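Structure assessment
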There are 2 protein chains.
Amino acid sequence: MHTLIAVAHPHIARSNTQSFLKETAALEPTATWHELDGATLNLAAERKQLLASDRIVLQFPLYWYSAPAALWNWLDQVWVKNVVYGPDDGLLQGKSLGLVVSYSEPPRDYDLGGKVGLSMQEILRPFAAIAKRCGLQLLSPLLIPQFDRMTEQERAQLLVAYRQYLTLADPSSQREQAAWFEQQLRQNDAELLADTLADQQDKLLDLRATVSQLRAGEEE
Amino acid sequence: MHTLIAVAHPHIARSNTQSFLKETAALEPTATWHELDGATLNLAAERKQLLASDRIVLQFPLYWYSAPAALWNWLDQVWVKNVVYGPDDGLLQGKSLGLVVSYSEPPRDYDLGGKVGLSMQEILRPFAAIAKRCGLQLLSPLLIPQFDRMTEQERAQLLVAYRQYLTLADPSSQREQAAWFEQQLRQNDAELLADTLADQQDKLLDLRATVSQLRAGEEE
């Protein structure tokens, strides 16, 4: 499965979140990191890249309860009628659409009665309508609140969740998550362990415990 | 009351809707037409213009169940923390926010169970959150579906609704609408009548009937 990560961030060089995600994405040979800078686009190249992908991930920080302008610029120019949808099936039919959305406020701000007055699910609903129009299967979004306040452990969990989001057929399936962990353990993938878990034996045991819990969860 | 009309349309020269609205806005000396082209912005000039306005109208065609990129570009660059909101009150506090949104599908596509799967109110909810954050009073949106299919009479009604939207303290108030019509009639404003009603006496009678109906509606 090939995954195209379309990243829109107005100040990407300054973003710790995006630099963490970029390093993580580099671990996946089947994922392509594609930064959208709001400039004029080579439409033919953009379409070719879309066509070559099985999954498209829209990745951005929340700006004004929406995506930054560069994402809309890309959608407005590239995702046009008779290309991605139209009287006939567009070129995205049957692919999957992921959303990786970071934001700086605490999640409770988006709760009912919270400061914002709008839930994250409401904010992202236009993307469900976009997926529907293009015949894309929408994945549950991967939300990243307050990256800069995350502990090392939370970041290790995010790294795993993100790798799974880029590669698993259904990233929210506990069965697929467990299979992914088992495969990592079988491969004894030193690179993964070095990167994510600082190669510590106790973390390995944690992983095994996670697998057991996920297996137990499935049997319930 | 001064009104700033911030217009975002990727192909504005080709838009019959925007050209109709632009001609109409030109009838209002207190309204400023401001096209956003997605280019780099002069932030100081933009802020000055915002500060000088009592009402800001965001005007755009629906693109991907959202506004076109140029609107987000303007919001992302100009409507920033410590300017339009922040620890202290931003420069928009107490002003009003209008939305003039055109779209090409029939309104039923946005009904529950419709093709889109998302209502117009849901699509525009982020703007309610933006208004809340900036201390702006949100007006009911002025929706313009399928302008190109409108009859002459519907366009005359739109012209009046738009003029009212740009100038009335509460454009959805029947009392204010009636007062506006009465004022137009009292002034015997030949320009308005020539432009909107082709100066026909029967249309004048229609106007008087409208006023009577509105008055009757208020008394109910």
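Treat the numbers as computed from the prediction; the structure is a model and nothing was measured. (Residues numbered from 1 in each chain as written. Chains lettered and ligands numbered in written order. Predicted model: local features only at pLDDT ≥ 70, side-chain atom pairs only at ≥ 80, totals over all residues.)

Turning chain B through 180 degrees and shifting it by 0.0 Å along the axis lays it on chain A, with an RMSD of 0.0 Å. As the rotation angle and translation indicate, the two copies are arranged about a two-fold axis. Residue Ala-69 of chain B of chain B places its C-alpha closer to the rotation axis than any other residue of that unit, at 2.4 Å. A share of 100% of the interface residues of chain B reappears at the interface of chain A, consistent with the copies meeting face to face through the same patch. (Least-squares fit on C-alpha atoms with pLDDT ≥ 70 in both. Contact = placed C-beta atoms within 7 Å.)

How large an interface is tends to be reported as the accessible area lost when its parts come together. In this complex, chain B contributes 23 residues to the contact, which on the side of chain A involves 23 residues. Looking at which element gives the most residues to the side of chain B that touches chain A, the answer is helix α4 (residues 120-134) of chain B, with eight residues. Taken together, the residues that form the side of chain B that touches chain A break down as 16 nonpolar, three polar and four charged. (Helix = DSSP H or I, 4+ residues; strand = E, 2+ residues; numbered from the N terminus. Nonpolar A, V, L, I, M, F, W, Y, C, P; charged D, E, K, R; others polar.)

Residue and element names in this part refer to chain B. Among the eight residues of strand β4 (residues 96-103), six are classified as buried, and the element is accordingly described as predominantly covered. The pairing of strand β3 (residues 55-61) with β4 spans seven bridges and is parallel. Its bridge partner being in β4, Pro-61 is matched across the sheet by Ser-102. Taken together, β3, helix α3 (residues 69-78) and β4 constitute a β-α-β crossover, and its handedness is right-handed. Two elements, β4 and strand β5 (residues 137-138), share two bridges in a ladder whose sense is parallel. (Buried ≥ 20, exposed ≤ 12 C-beta atoms within 10 Å, placed from the backbone. Pairing = 2+ DSSP bridges. Right-handed = clockwise from strand over helix to strand, strands pointing away.)

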